[in-house]
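# Close look at the chain arrangement
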Amino acid sequence: GNTVGSGEGGYVELSVGVVLPDMKEATRTLAAPAIERLHLLVFDDNGLLSEAVPATPCDKDGKEITTGDMWGETSAPTYFKVKLARTDYKRTIHFVANSPIANVMDYPMSTEGNILTSLVVSGQQDAYWQRVVLPNGITGTQGKDDNGNVIYKPTDDVKAALSGVPLVRNNSRVKVVN
């Protein structure tokens, strides 16, 4: 196994797109889909937590969004920016939206199963989730930003895996017919 930062170094600047599940009929108990916060939980090739990173809402070009309607249509991707540790080793990324993960990094050697089963929402809070495996790691090509700092842009396989990720909702719509 490989832990984050052992020899590779640097962070890959990612723009990820997620797709919210459609909700054809809004009910009193389930509101229209919305993401209040999104975290990416990254697990190493041994299934152990290596990082938990909050994502920042942005438009499809990567420009940060701070106000207004950032979510758009439910069938269209919602975009976020995030920096993840660069590695050539397999990584499993869990997209976790609207679930409290404040203390998850208190258990850095925890497994996927231990951490994900501890994430709970209550009441009418919607939560969303998805799991993406990057068999070749979080890879990037080196470049420089506008200030001359070294940055890494994601390779095409990483870009493809992280664009249009379909999130699963924790609730479903039920229609009772007499």
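Here, the structure is the one placed above.
### Section: the overall build of the chain
Of regular secondary structure, the chain possesses two helices and 11 strands. The order of α-helices and β-strands along the chain, N terminus first, is β-β-β-β-β-β-α-β-β-β-α-β-β. Nonlocal contacts in the chain, meaning residues at least 24 apart in sequence, comprise 75% of its contacts between residues at least 6 apart. Here the chain displays about 10,000 Å² of accessible surface, and carbon together with sulfur accounts for 49% of that area.

### Let's talk about the sheet that holds strand S7 (residues 128–134)
Read across the sheet, five strands follow the order S3-S2-S6-S7-S11 without closing on themselves; strand pairing throughout is antiparallel. Two strands lie at the open edges of the sheet, namely strand S3 (49–54) and strand S11 (168–169), each paired on one side alone. Sheet topology note: the strand S2 (residues 38–43)/strand S6 (residues 91–97) ladder contains six bridges and is antiparallel. Counterpart to His39 in the pairing with S6 is Val96.

### Digging into the nonpolar core
Among the nonpolar cores identified, the biggest contains 26 residues, and Leu14, Ile35, Leu84, Ile93 and Phe95 are the most heavily contacted of them. Mapped by element, the contributors of at least two residues to this core are strand S1 (11–19), S2, strand S5 (77–85), S6 and S7. If one sorts the elements of this core by residue count, S1 sits on top with four residues. Leave out the neighbours within four places in its chain, and Leu84 touches Gly10, Tyr11, Val12, Leu14, Leu40, Val42, Glu51, Val53, Ile93 and Ile138. By size, the runner-up hydrophobic cluster in this structure holds seven residues, among which are Leu41, Val96, Ile101 and Leu119.

### Describing the pattern of salt bridges
Counted according to the given criterion, the structure contains four salt bridges. With a shortest N-O distance of 3.9 Å, Lys81 and Glu64 are connected by a salt bridge. Residue Lys81 is found in strand S5, and its partner Glu64 is found in the loop between strand S4 (56–58) and S5; the two are separated by 17 residues along the sequence. Judged by its relative accessible area of 29%, Lys81 falls in the partly exposed class. Note that Glu112 is salt-bridged to Arg131, the shortest N-O span being 3.0 Å. Residue Glu112 is located in helix H1 (residues 112–116), and its partner Arg131 is located in strand S7; the two are separated by 19 residues in the primary sequence. Residue class for Arg131 comes out partly exposed when judged on its relative accessible area of 38%. Bridged by salt links that share partners, the residues Glu13, Lys83 and Lys153 form one connected network.

### Observations regarding the packing of aromatic side chains
Applying the stated criterion across every chain, the model contains zero aromatic pairs. Above the ring of Tyr152, the side-chain terminus of Arg86 is found at 4.0 Å from the ring centroid.

### Thoughts on the environment of Asp61
One can find Asp61 in the loop between S4 and S5. Residue classification places Asp61 among the exposed residues on the basis of a relative accessible area of 68%. Along the sequence, Asp61 and Ser15 sit 46 residues apart, while their C-alpha atoms lie 8.3 Å from each other.

### Thoughts on the pairing of strand S9 (residues 150–154)
Relative to S9, strand S8 (residues 140–144) runs antiparallel, the two sharing five bridges. In the strand pairing of S9, Thr141 is matched with Lys153. Turn length for the S8-S9 hairpin, with the two strands adjacent in sequence and antiparallel, is five residues, and the turn residue Gly148 shows positive phi of about 85°.

### Structural notes on the side chain of Glu51
Structurally, Glu51 is set in strand S3. Arg91 provides the closest opposite charge to the buried, salt-bridge-free Glu51, at an N-O distance of 6.2 Å. At 2.9 Å, the side chain of Glu51 forms a polar contact with the backbone nitrogen of Ala85.

The rules behind the values
- Within each chain, residue numbers correspond to sequence positions counted from 1 in written order.
- Local features are withheld for residues below a pLDDT of 70 in this predicted model, meaning they are given only at 70 or higher, and side-chain atom pairs are given and counted only at 80 or more; totals for whole chains, interfaces and linings count all residues.
- The basis for every side-chain value is the complete set of non-hydrogen atoms in the structure, without hydrogens or water.
- Numbered from the N terminus, helices here are DSSP runs of H or I no shorter than four residues, and strands are runs of E no shorter than two.
- Any pair of residues with heavy atoms lying within 4.5 Å of one another is described as a contacting pair.
- The accessible surface values rely on the Shrake-Rupley method and a 1.4 Å probe; as for residues, cover is taken only from the protein chains in view.
- By the convention used here, strands pair only if DSSP detects at least 2 bridges between them.
- We define a nonpolar core as any set of buried Ala, Val, Leu, Ile, Met, Phe, Trp, Tyr and Cys residues linked to one another through side-chain atoms lying within 4.5 Å.
- Classification of residues uses two cut-offs on accessible area relative to the type maximum, computed with a 1.4 Å probe and protein chains only: under 20% is buried, over 50% is exposed, and between them is partly exposed.
- One speaks of a salt bridge when a side-chain nitrogen belonging to Lys or Arg is within 4 Å of a carboxyl oxygen belonging to Asp or Glu.
- Each Phe, Tyr or Trp ring, with Trp reduced to its six-membered ring, pairs with another whose centre is within 6.5 Å; inter-plane angles below 30 degrees give stacked pairs, above 60 give edge-to-face pairs, and intermediate values give tilted ones.
- The criterion is that NZ of a Lys, or CZ of an Arg, lies within 6 Å of the ring centre and within 35 degrees of the ring normal, and then a charge sits over that ring.
- Under this rule, positive means Lys or Arg and negative means Asp or Glu; His and the chain ends count for nothing.
- Pairs of N or O atoms within 3.5 Å make up the polar contacts considered here, provided that, within protein, one atom can donate a hydrogen while the other can accept it, and that residues adjacent in sequence are counted only when both atoms are side-chain atoms.

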